[in-house]
Each structure stands twice: as structure tokens, then as C-alpha cells.
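Each chain, written out:
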Amino acid sequence: MKIVDAKVIICCPGRNFVTLKITTEDGLYGLGDATLNGRELAVASYLSDHVVPLLIGRDARRIEDNWQYFYKGAYWRRGPVTMASIAAVDAALWDIKAKSLNTPLYQLLGGASRDAVLVYGHASGHDVEDTVKAVAQFQKSGYKAIRAQSGIPGLASTYGVHSGSGHYEPAEKDAPPENVWSSEAYMTFIPTLFARLRKEFGEELHLLHDVHHRLTPIEAGRVGKSLEPYHLFWMEDPTPAELQESFQLIRQHTTTPIAVGEVFNSIFDCQQLIQEQLIDYIRATVVHAGGISHLRRIANFAELYQVRTGCHGATDLSPVCMGAALHFDLSVHNFGIQEYMPHTSETDKVFPHAYSFRDGVMHPGDEPGHGVDIDEALAAKYPYQRAYLPVNRKSDGTMHNW
Ligand code: EZ4
Ligand code: CO
């Protein structure tokens, strides 16, 4: 089954997406997401300048061999740009394989391990009471698991809080916004938010929280400990994870479960974290961690250590990634939870899809392949617009982690 065409489609129906479309000699096509928020054109160039010329003529059925060809063949291994490109090829080839066998992708991945996929939504507010209202709204819409982020007294803006009325969307056009951060203000405030949420919503609702890489390990230990009475489902990215051993220090101080890995792109980024049981959930996902083939390796490795999956699913991961992730989630044994931020209606129209949400869970649908398509004519009406993620500084001007 020879590949006869491959093209990169860049569009901006509210935010930027990069999509790889691979077509075979018998007219089948598959789609892969290649979006890297704020650095989209780097991946688009990697694909169209370097990968697409090599794809033509290759056998679409040889998914593993193609993966190894682009991984080993690049010589320069790993990194977000390379791995997002390989991920797009891999997801598109799984899509084609499943379509050629007329089956939904999850059937090729071992079949369903559960009836549906538990997802969590993003509630945020400008202060505690505003956040309580947002969480109530999500609960009313059926969510059984809700991430709560709030504005922090004394800080003008922070990660995870929506501006205006809509959903939270961090990337901004033209230039990176600048936030000002205080770990002290955050650490004082955050237990009061979760005390209030537990008081309001009782014990059953799953509550999650994203620290977004901002604390030192010992600060993270303190925050985790202070949140123990409110038994979070997880505390996400408490500290940057380049130094995997730093999580030993957090573990010495708290039993709050830890989720890490949305920025990881290979199994080597989380090898120690998993092997030493320093985390409870691995957040790597299809687009940024080398596609379905590599994500399965990470999940299978994690299963040995009772670490469960918790795929990143913010809106900068396109519906194509969401569709592929839901097939992975439905099938993989050590699934934990899936993040879900609904896309805008413009995005949903550009990417018609079979997946659906109901009563706090999602299902990938039973269309052949991963079940997500692209309307290329509509996509062409939304040209790329340069956008950046924010940067973060301490109040004295020192650059900090965003
Ligand atoms: O900041 O996807 O858990 N979700 C997150 C996201 C990330 C964005 C970065 O592109 O941390 O909101
Ligand atoms: Co996160």
C-alpha cells in the first residue's frame, strides 16, 4: 500500500493547528496532528521540507518500520519538533490501517478495556467564589472530574484562569503576554481554594489542579501536604521535570498524587519518574510523544509500576489528536483519566469527528480509523496567525517558569 501523497495543512480556526494528511495508492487517507503550540511552523517545515519527500513511495502498512525509519533515520533523536512530526506520521498511518480494515482504531489496539473514557474539564474563576460557580457549572454539565484554577490575591493574572467569558486559552496573537508570579502568594492561597471546594461539593467529585511547573521541589512538598485533607485526584506539574530525581523530595513529604509529562516527548523523559514510582499519572500524549506507537510503549512501561495514563488534552491539541487519544484511552489497560477542553465551534466544523461527550465520559465512536476528518476548503479560510504562549516573571523581574 504505497503512499502517493502527503501534505501539511496549517489553519487557524480560533487557534493554530498543523495537520498531516497522508494518501495511499488505493485512495485511502489518514490524518495526524502535528501542532506544537507557539512553534507550529517549525514542525510544519520539518514535515514538509524533510519528512514528506521521504514518505512518498513508502508502504503505509509498515507502521513500526516507518516509525523507526524517521526516529533512527533522523540521527538527531527526540525533541518536541522531531517527535511531533513522527507522531503525525504515526497517527496518520494507524488511521489508514484501521480504515483499510474497516474498523475503529481501538479494535486494533487490543479492543475496548472499558465502556467509556473518564474525562476532566477545566473550571476557573477570578477568585474563590467565582471558581466555586465555575465548578458547579461543570458539574451541572455532567463532569465527574474537574480541574480547578483560580486567580490569586495580589497577582494580576495567572495560569489557567479564563479571561472574559469563554474557556481558558493561553496563546495570544503577535507577542507573548507577560505574567507576574509569586510562589509565596500562591502557597498561602491554594489550600483555601480547595477547602472551600470540598465544603461546597462534598467528597465524591474528583478535583484536580495544575501547578504548571512553578514551585521548587520542597515548596511542592509543602503544597501537596497542605492539600491532603482535600484529597485531590492529582496535583499536576508541581515542579519542572527535567531533573527527574527532584520528585524524590516531593514524595518524601506528601501523598497527594502527582501527574507529570505534558511536555515530554519520549519514554526517556519519564523513565526514572516511572521506574522509581515518583509519579502516579503520566501526561504524555499522542502528538507530543511520538504518536500512538510510542505512547503505547510509555503506557506499557508505566503499567509495570502502577502508573496510570492521564493524556494532555488542552485545546492546542487538535481534534485529530483528541480522536486518536480516545482510541488509545479506551484500549490501554492502565488508563487513568483524559483531559478534555472542548474546541470552538469553528474548529469542530473544520475537523468533523465521531467522538462524543456525555455524562462526564467520552467515546471515540465507531467510524473506521480514528474517526476525525478535515474539511480542507473550510480550513483554507482560516490562515495561520503567529501566536505565543505567555512568559512568566517574578515580581523583581526574574524570568520564571510559565
Ligand atoms: O499549558 O496546552 O494541563 N494543561 C496545560 C495546558 C498547557 C497548554 C500549553 O500549550 O497545562 O493548558
Ligand atoms: Co498542565
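Residues numbered from 1 in each chain as written. Chains lettered and ligands numbered in written order. Predicted model: local features only at pLDDT ≥ 70, side-chain atom pairs only at ≥ 80, totals over all residues. Heavy atoms only, no water.

(A) Quick peek at the overall build of the chain. Each helix and strand counted, the chain has 13 helices and 18 strands in total. Relative to the compact-globule value of 21 Å for 402 residues, the chain shows a C-alpha radius of gyration of 20 Å, a close match. Taking the principal axes of the C-alpha coordinates as reference, the chain spans close to 60 × 45 × 40 Å. Put simply, the chain has 402 residues, and 58% of those count as buried. In the structure as shown, the chain presents an accessible area of about 16,100 Å², 51% of it carried by carbon and sulfur atoms. Across the chain, the mean location of the 36 positive side-chain charges is 1 Å away from that of the 47 negative side-chain charges. (Helix = DSSP H or I, 4+ residues; strand = E, 2+ residues; numbered from the N terminus. Rg over C-alpha atoms; globule rule 2.2 N^0.38 Å. Buried < 20%, exposed > 50% of the residue type's maximum accessible area, 1.4 Å probe, protein only. Areas by Shrake-Rupley, 256 points an atom, 1.4 Å probe, with all protein chains shown as cover. Lys, Arg positive; Asp, Glu negative; His and termini not counted. Charge placed at Lys NZ, Arg CZ, Asp CG, Glu CD.)

(B) Looking closely at the coordination of the cobalt ion (ligand 2). Distances from the cobalt ion (ligand 2) to its protein donors, Asp210 (OD), Glu236 (OE) and Glu262 (OE), fall at 1.9 to 2.2 Å. Given six donor atoms and angles of 24 to 176° at the metal, the environment of the cobalt ion (ligand 2) is assigned as irregular. For the cobalt ion (ligand 2), all donor residues lie on one chain, and their spacing in sequence is D-x25-E-x25-E. Here Asp210 is found in strand β8 (residues 206-210), whereas its partner Glu236 is found in strand β9 (residues 234-236), with 26 residues between them in sequence. For the pair shown, Asp210 and Glu236 are each scored as buried. (Donors = N, O, S within 2.8 Å, 3.2 Å for Na, K, Ca; no water. Tetrahedral: all angles 85-135°; square planar, octahedral: opposite > 155°, others 65-115°.)

(C) Region of interest: empty space enclosed by the protein. On inspection of all chains with the given rule, the structure shows one cavity of 30 Å³ or more. One number sums up the size of the largest cavity: a volume of about 90 Å³. Around the largest cavity, the lining is made up of 14 residues, and of these Gln149, Thr158, Tyr159, Tyr186 and Asp210 lie nearest the centre. Among the secondary structure elements, those contributing two or more residues to the lining of the largest cavity are β5 (145-150), α6 (183-201) and β8. In terms of residue count, the dominant contributor to the lining of the largest cavity is α6 (three residues). (1 Å grid on protein atoms, 1.4 Å probe; cavity = no way out; pocket = protein on both sides within 12 Å on 5 of 7 lines; lining within 4 Å. Points joined across faces, edges and corners; volume = space filled by probe spheres on them.)

(D) Spotlight on the packing of helix α3 (residues 80-100) against helix α10 (residues 291-304). It is the contact of α3 with α10, at a shortest axis distance of 6 Å, that shows an interaxial angle of 105°. Between α3 and α10, the crossing angle belongs to the class labelled roughly perpendicular. In this structure, α3 uses Met83, Ala87, Asp90 and Trp94 to contact α10, whose residues at the interface are Gly291, Ile292, Ser293, His294 and Arg296. The residue makeup of the contact of α3 with α10, split by class, is four nonpolar, three polar and two charged. (Axes fitted to C-alpha atoms, helices over the stretch in contact; angles between N-to-C directions. Parallel < 35°, antiparallel > 145°, perpendicular 65-115°, else oblique. Contact = heavy atoms within 4.5 Å. Nonpolar A, V, L, I, M, F, W, Y, C, P; charged D, E, K, R; others polar.)

(E) The state of the cysteines, seen in detail. Counted under the stated rule, the structure contains zero disulfides. Not engaged in a disulfide, the cysteine Cys11 finds its nearest cysteine sulfur in Cys12; these two sulfurs lie 7.7 Å apart. The class of Cys11 is buried, set by a relative accessible area of 0%. (Disulfide = S-S within 2.5 Å.)

(F) Main features of the site of ligand 1. Taken together, 14 residues lie around ligand 1, and Asn37, Tyr159, His212, Glu262 and Asp316 are the ones closest in. The separation between an oxygen atom of ligand 1 and a polar side-chain atom of Glu262 is 2.7 Å. The separation between an oxygen atom of ligand 1 and a polar side-chain atom of Glu339 is 3.2 Å. For ligand 1, whose unbound accessible area comes to 330 Å², protein coverage reaches 95%. With respect to the pocket detection grid, ligand 1 is positioned in the largest pocket. Of the residues in the shell around ligand 1, the class split is four nonpolar, three polar and seven charged. (Near = heavy atom within 4 Å. Polar contact = N/O pair within 3.5 Å; in protein donor to acceptor, adjacent residues only side chain to side chain. Sits in = over half its atoms within 2 Å of the grid points.)

(G) Up close: the pairing of strand β7 (residues 178-181). Side chains of β7 alternate between two faces, with Asn179 and Trp181 buried and Glu178 and Val180 left unburied. By the bridge criterion, four bridges tie β7 to strand β17 (residues 391-394) in an arrangement that is parallel. Its bridge partner being in β17, Val180 is matched across the sheet by Arg393. (Pairing = 2+ DSSP bridges.)

(H) Fine view of the pairing of strand β12 (residues 308-311). When strand β11 (residues 281-282) meets β12, the two strands line up parallel, connected through two bridges. Paired with Tyr281 across the strands is Arg308, a residue of β12. For the crossover that starts at β11, traverses α10 and ends in the parallel β12, the hand is right-handed. Bridge analysis of β12 against strand β13 (residues 335-339) gives three bridges, and the strand direction is parallel. In the sheet register, Cys311 faces β13, and the bridge partner there is Gln338. As a crossover connection, the stretch from β12 through helix α11 (residues 319-331) into β13 is right-handed. (Right-handed = clockwise from strand over helix to strand, strands pointing away.)

(I) Quick peek at the domain arrangement of the chain. The domains assigned to the chain are domain 1 (3-104) and domain 2 (108-367). Computed from C-alpha coordinates alone, the two centres of domain 1 and domain 2 are separated by 26 Å. In this assembly, 34 residues from domain 1 lie in contact with 35 residues from domain 2. Together domain 1 and domain 2 conceal approximately 2,600 Å² of surface at their shared face, both sides included; 61% is due to carbon and sulfur atoms. Summed over the three residues of domain 1 that lose the most area to domain 2, namely Asp33, Trp94 and Pro104, the buried surface amounts to 23% of that side. Run the count over domain 1 and domain 2 and you get three salt bridges. A salt bridge links Glu169 to Arg15; the nearest nitrogen and oxygen atoms lie 3.1 Å apart. The tally of links from domain 1 across to domain 2 stands at 13 residue pairs in polar contact (both at pLDDT 80 or more). Contributions of two or more residues to the side of domain 1 that touches domain 2 are made by β2 (17-24), β3 (29-33), α2 (63-72) and α3. (Domains from an automatic or database assignment. Buried area = accessible area lost by both parts, 1.4 Å probe. Salt bridge = Lys/Arg side-chain N within 4 Å of Asp/Glu carboxyl O.)

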